[in-house]
Amino acid sequence: MAVTVKEMDGAALEQLVKTGAKVLADFYSKTCGPCKMLGFVLNDVAKEVDGVEIVKICFEENSTAVKAHRVEGYPTMILFEGGAEKARLKGLQQKPLIVSTIAG
Amino acid sequence: MEKTISYTRQEHIITRQARAEEALLSQLDAGDYTPQHPLVQLNPYFFAPLCALVLFHTVTPCEVTVRVLGKEPAGDMVHRFPRGTRHVLPVYGLYPGWDNQVEITLENGEKSRLSIPTGPLPDEVPQATSIDTTAAYMGDNVMVLTAAMAATPVAFDYRGDIRWYSTEKLNFDLKRRPGGHLLVGTERFVGMPYYTTGVYEMAFSGKIFKEYRVPGGYHHDHFPMEDGNLLILTQQPEAATVEDCCVLVDRDTGAILKRWDYKKVLPQDKGGSGSQDERDWFHNNAVWYDKKTNSLTFSGRHQDAIINLDYDTGDLNWIIGDPQGWPEEMQRYFFTPVGEDFEWQYEQHACMVLPDGDIMCLDNGHYRSKDPAHYAKAADSYTRGVRYRIDTEKMTIRQVWQYGKERGAAFFSCYISNVEYYKDGHYLVHSGGIGTLDGAPCEGVPAQMKQGPDGDRVQLGSITCELVDDQLVYELRVPANCYRAEKLPLYYAGEQAELGAGKVLGSLGITGEFDTPIPAEETGELVPAHYGARLVEEDDRFTFSATYEKGELVQLLLCGEDGSTHRYFINTAKQSFKAMCVGTFQKADPRDVDKVISKEGLSGRYQVKLICDDKLYETGVTVTA
C-alpha cells in the first residue's frame, strides 16, 4: 500500500473533490514549523494507506479555496469523500490519528 | 570553542531547603546560642526574604514570644511559640530595606532585642500606591496578592507596608489549609501560557512541606477537602483541549484518586464567551466543593458559566449563566431570573458556595453579552462581586447583592480577580486586572498588551476592596495586575517551625513524543550560538530552551546508550492565547521557547541533540533519567 503526496492549487483540489474520490487536503504554510513537520508525517502516512489522494494546498496562494472551505489556520487537514467534507483535523497531528481518520 | 551548550544542574528546592535546614540545626547544636546571642538566618528557605529563623537554646524549658516591632506600635507582629529548650523560631513580618528590631521574651519575662536588617525590595515587587483602612480592622492580617504579571506574590499590612514577599513565581491562588499550611501554585513551569507542575504546601517562611505534582500541570485553583485531600484544576496531558479537568489528589501520596472531565457533560462549541476558542473552550478558573450538596462547582470563563456537578457521579446538576446560544437540550440546566436588578455574570472568576447555599463570584463582565454584535466596550464595562440565590427545585435565580457596577470602567478587570466571603454582609471584592492604554480602559488583556508594542503606554492596576454592610472598610491600590487577593494572618494559631525534609509527591507524567523522524544532515557541530541554546536539568525533568526563527522546523532528540531515540517536536509558530491570567512566564522575545521534558518513562543516559530544519546539531549535553 502506498500513495503519493501531491502539491496542487485550489482549482485542482475542487476538480478532484468533485470526482467523489477520497481526498485528504493539507492546507499548509511555508512559514510554519508544524506544517513542515506535518509534511514529513504525511509522507509517512502515504506509505501506509491506499485509496486516498493526499494533496497539499498552500494557504497563502489559494485564498479562494481557503475561504470556500472555511480554513481558519494552518495546518488544517480536510478529508473529502463523495464530494463532501467528512472530517477535519486542525493543527499538527501524528500518523495514527491521520491514518484512522482516512480509514473512517 | 565551547564543547557544550549552556548547562545547569538544578536541585529541587525541597532538597536545597533540607540541606540548608540541616546545616543550620547543626550550627545551632554545635554553638552556644542564647536568647541574647541567637543564631539568625534571614530567608532560610530561599523563597521569602522577609522571614528569618532565630535559633537558640535555653537551659530550662520555656515559651518564647517573638515581636517584630512595627514602624508604629500597631504594626507589631507577635507570635508565641510553645515551651521547649531548643528554639527554632520563624520570624515573620520583617520590613524590606529596614533595620528590623525584634524582641524575644521568655516565659520568665527575660527580654532581649536583636536587629535583623533586610535588603531593599526588588523592582518586580509591586508597592501599594494607596491604602484606606485601619489597624483595628485589619488586626494581624495581611493582604496577600498573587501575581498576574512579572510581579511576585506580596503581602501588605494595614498601612500598605510590605511584610512578606516571595522571590519565586508562585502562582494563581494562595489559600490556607484549615491546619495552617499554605497552598499555592508552584513556580516550576511546564508549558505556555502558565501551566506549572502543581501545588506547593508550604509556610510563609518559604519552607515547602510537599509538592503535589499532577500530569498535565496545574492552573488557576485548588481546594482542600475536609479530609486533607486536594482538588486541583488541570487538563488531560497532551490533549487537544486545556483547562477542562479537575482531579482529587491524595494528601499523603499525591496519587490521583478521582477525575472529572467536563467534556463529558458540556458541549465544547456552544455558549462560548468572547474569549472562547477550540483549545481553551471552558477555561476553568475556580473550583469549590460543597459538603451539604456533595457537589462540585466550577467556573468556566469561556462559556460564561458556573457549573455544578455531582461529586460522586460527575453528572451535571445545573448551570448559572446567560442561556443564550446553548442548545435546547441544555436549557433545562439553566435558571430563570426572578426579582429586580438581575444581571448574569460574564467571564467570571472565583465561584463559591456560601453556607446558606447562595452562589457568589467575581463577575468580570468581559463583553457582557453572548452576542458578538452586542459585546460591551471596555469603557462601558464594569466588574463586580455578585451573590445569587438559587432555587434548584423551581430553577429560579435571584441576585441578592452586588458591589462594583457603580464604580464603572475604572474598576473593570476583563480577567483574573476574586471575591471572598467572611460572613453575611462582609465580603472582599478584588478587581486585579485593571489596565489602561493612554488612560483609557484596555480593549484586551492588559498582561498581553503590556508585553506588546504599546506596552510602555499600558498602565496596570489592581484594586482590592472589603465591605461590611456595603460600607467600604478597606481599599488597597497596587500598580500591577494581581491574580487573587487573600486576607490572612502571617502566623496561624500554634504555628512553630516544622523541621525535616519536604516531599515531592505525584507525577509529572510522560512527555508526549513525536513518532515521525525528520531526515537531517548530521553536522557534528554544536548548536549554533545564535540559538542561545541552554538546558537546565532537574531531578525529575529537564528544560531545553532556545530562540528560533518563526516557522523553523525543530525537533529535540534524546539518543540513549541503548540505541533508542526519543523525539520531541518543538513548536516555533507564534502562539496566541485568548487568556493570559498569569503572564509571569511570558518572555520579552516570544521566539524564545522552553521545552520541558519529564524524565518519567525514560531510563539511562541520553545525549541531547537538536534538529533545526534539515540540520542535526549536538548539544554536548547528556542527561540522566
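Owing to the predicted nature of the structure, the values given are computational and were not obtained by experimental measurement. Residue numbering note: each chain is counted from 1, following its sequence as written. The order in which chains are written sets their letters, starting at A; the order in which ligands are written sets their numbers, starting at 1. Restriction of local features to residues with pLDDT of at least 70 applies here, the model being predicted, together with a cutoff of 80 or more for giving and counting side-chain atom pairs; totals for whole chains, interfaces and linings are based on all residues.

**Focus: the overall build of chain B**
Step number 1: Strands are runs of DSSP state E lasting at least 2 residues, helices are runs of H or I lasting at least 4, and numbering of each runs from the N terminus. For chain B, the helix and strand inventory stands at three helices and 43 strands.
Step number 2: Expected size for 625 residues packed as a compact globule is a radius of gyration near 25 Å; at 25 Å, chain B falls within 12% of this value.
Step number 3: Taken over the C-alpha atoms alone, chain B extends approximately 75 × 75 × 50 Å along its principal axes.
Step number 4: For every residue, the other C-beta atoms within 10 Å of its own C-beta are counted; 20 or more classify it as buried, 12 or fewer as exposed, and values in between as partly exposed. C-beta atoms are placed from the backbone. Every one of the 625 residues in chain B was classed for burial, and the buried ones make up 48%.
Step number 5: By definition, residue pairs are in contact when their C-beta atoms, positioned from the backbone, come within 7 Å. A separation threshold of at least 6 residues defines the contact pool for chain B, and within that pool the share at least 24 residues apart is 59%. Our radius of gyration looks at C-alpha atoms and nothing else; its globule reference is 2.2 Å times the residue count to the power 0.38.

**Let's talk about the sheet that holds strand β40 (residues 565–570) of chain B**
All names here are of chain B.
Step number 1: DSSP calls a pair of strands paired once it identifies at least 2 bridges connecting them. On the basis of which strands lie adjacent, the open sheet formed by five strands has the order β36-β43-β42-β39-β40 and mixed pairing. On the outer flanks of this sheet lie β36 (521–526) and β40, each paired with one strand and no other. When the angles between neighbouring strand axes are averaged without regard to direction, this sheet yields 30°.
Step number 2: Sheet analysis places strand β39 (residues 554–560) next to β40, joined by six bridges and oriented antiparallel. Bridge pairing links Leu 558 to His 566 in β40. Every axis corresponds to a line fitted to the C-alpha atoms, with the helix fit spanning only the stretch in contact, and the corresponding angles, defined between N-to-C directions, vary from 0 to 180 degrees.

**Side note on the sheet that holds strand β23 (residues 316–320) of chain B**
Where strands meet in a sheet, backbone hydrogen bonds hold them as pairs that are either parallel or antiparallel.
Residue and element names in this part refer to chain B.
Step number 1: As summarised here, the arrangement of the four strands in space is β20-β21-β22-β23, forming an open sheet in which the pairing is antiparallel. Two strands lie at the open edges of the sheet, namely β20 (284–290) and β23, each paired on one side alone. When the angles between neighbouring strand axes are averaged without regard to direction, this sheet yields 20°.

**Here we look at helix α1 (residues 13–30) of chain B**
Residues and elements named next belong to chain B.
Step number 1: With 18 residues, α1 extends 26 Å from end C-alpha to end C-alpha; this agrees with the ideal 26 Å at 1.5 Å per step.
Step number 2: For α1, the complete set of buried residues consists of Ile 13, Ile 14, Gln 17, Glu 21 and Leu 28. Looking down the long axis of α1, one finds its buried residues gathered within 90° of arc, a one-sided arrangement. The exposed set on the far side of α1, more than 90 degrees from its buried face, consists of Arg 19, Ala 23, Ser 26 and Ala 30. To estimate the expected span of a helix, count its residues, drop one, and scale the result by 1.5 Å. It is the directions from the helix axis to the C-beta atoms whose arc is reported.

**Some thoughts on the pairing of strand β27 (residues 384–391) of chain B**
All names here are of chain B.
Step number 1: Relative to β27, strand β26 (residues 359–363) runs antiparallel, the two sharing five bridges. Each residue of the ladder has a partner; that of Asp 363, found in β27, is Arg 384.
Step number 2: The pairing of β27 with strand β28 (residues 396–403) spans seven bridges and is antiparallel. Within the sheet, the bridge partner assigned to Arg 387 lies in β28 and is Trp 401.
Step number 3: Here β27 hands over to β28 after four residues, with Met 395 in that stretch at a positive phi of 55°.

**Concerning the nonpolar core**
Step number 1: For this entry, the nonpolar core is defined as buried Ala, Val, Leu, Ile, Met, Phe, Trp, Tyr and Cys residues connected by C-beta atoms within 7 Å. If you look at the biggest cluster of nonpolar residues, it comprises 191 residues, and the most contacted ones within it are A:Ala25, B:Val91 and B:Ile232.
Step number 2: In terms of residue count, the dominant contributor to this core is strand β3 (residues 52–68) of chain B (eight residues).
Step number 3: For B:Val91, the contacting residues outside a window of four places in its chain are B:Cys51, B:Ala52, B:Val54, B:Val66, B:Val68 and B:Val102.

**Considerations on the confidence of the model for chain B**
Step number 1: Confidence scores here are pLDDT values: one per residue, from the predictor, ranging 0 to 100. Scored by pLDDT, chain B comes out at a mean of 95, with 98% of its residues at no less than 70.
Step number 2: Scored as a whole, the predicted complex attains pTM 0.94, and scored at its interfaces, ipTM 0.89.

**A look at helix α2 (residues 33–46) of chain A**
Given 3.6 residues per turn, any residue in an α-helix points the same way as the ones three and four places further on.
Step number 1: Over its 14 residues, α2(A) runs 20 Å from end to end, which matches the ideal 20 Å to within 8%, given 1.5 Å per residue.
Step number 2: Residues A:Gly33, A:Pro34, A:Cys35, A:Lys36, A:Met37, A:Leu38, A:Val41, A:Leu42 and A:Val45 constitute the buried set of α2(A).
Step number 3: Looking at the buried positions of α2(A), the neighbouring elements they touch are β1 (5–7), β2 (23–28), β3 (53–58) and α4 (95–103) of chain A together with β39 and β40 of chain B.

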